[in-house]
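# Commentary on secondary and tertiary structure
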Amino acid sequence: TTHRSQALAELLKRFPHNVELLSYEIEQLLLVGDIERVITLLSQAPPEIDEDNRFWRYKGQVHEARQQTDEAEFAYRKSAQMNPLDWRTWNRLAAIERLRGQFPQASRLQGLVMRADALREQARKFPTIETVGRDWLRDFAVFAKDAGDEALATAISRRLGNSL
């Protein structure tokens, strides 16, 4: 693990504007709770991270760890707006709603997370993309609509020849 961390640190020094490396490093740091290092990396990140929903989620996680609930919620909502299918964002936002005592909203968001998880598990079982069936696509379209991605839901439904 130490060797991998050193290798990643060297890569980040060589390629400081590589948002994929930066995202991976931040994910690892969040897993071990190194919020201060995440803050440092976010402060040194290139401006294009503002267009990537993952970094808004990371900002939300920093605010959440610092018990800055309003700021965390803002960042999570921005992340969800940018990518309504990001189940990790919905999961964190559900935690914020639970903290606020908004249990019906938290339950709805947690339901989205559980549905996304079930869809991911089902998708992993398809041996090839060609074997993805209409039922799975229909379920995915309903999930997309419920998560707020109307354009995707409509496109899938149109492709399937029906409406949601």
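Now for a description of the structure that goes with this document. (Residues numbered from 1 in each chain as written. Predicted model: local features only at pLDDT ≥ 70, side-chain atom pairs only at ≥ 80, totals over all residues. Heavy atoms only, no water.)

A separate point is the side chain of Glu25. Here Glu25 is to be found in helix H2 (residues 19–32). Despite its burial, Glu25 remains without a salt bridge, the nearest opposite charge being carried by Arg37 at 4.5 Å. The contacts of Glu25, once residues within four sequence positions are left out, are Leu8, Leu12 and Leu41. (Helix = DSSP H or I, 4+ residues; strand = E, 2+ residues; numbered from the N terminus. Buried < 20%, exposed > 50% of the residue type's maximum accessible area, 1.4 Å probe, protein only. Lys, Arg positive; Asp, Glu negative; His and termini not counted. Salt bridge = Lys/Arg side-chain N within 4 Å of Asp/Glu carboxyl O. Contact = heavy atoms within 4.5 Å.)

Turning next to the packing of helix H5 (residues 69–82) against helix H6 (residues 87–99). Remark: H5 packs on H6, axes separated minimally by 9 Å, with the N-to-C direction vectors making an angle of 150 degrees. The orientation of H5 relative to H6 falls into the category roughly antiparallel. Like other packed secondary-structure pairs, H5 and H6 cross with a definite hand, here left-handed. Contact residues: H5 offers Thr69, Ala72, Glu73, Tyr76, Arg77, Ser79 and Ala80, while H6 offers Thr89, Trp90, Arg92, Leu93, Ile96 and Glu97. (Axes fitted to C-alpha atoms, helices over the stretch in contact; angles between N-to-C directions. Parallel < 35°, antiparallel > 145°, perpendicular 65-115°, else oblique. Left-handed = near helix turned anticlockwise from the far one by under 90°.)

According to the stated counting rule, one finds 15 salt bridges in the structure shown. Note that Asp50 is salt-bridged to Lys59, the shortest N-O span being 2.9 Å. Taking relative accessible area as the criterion, Asp50 reaches 33% and is therefore assigned partly exposed. Note that Arg77 is salt-bridged to Glu97, the shortest N-O span being 2.7 Å. In this pair, Arg77 sits in helix H5 while Glu97 sits in helix H6, placing the two residues 20 residues apart along the sequence. By relative accessible area, which is 6% here, Glu97 ends up buried.

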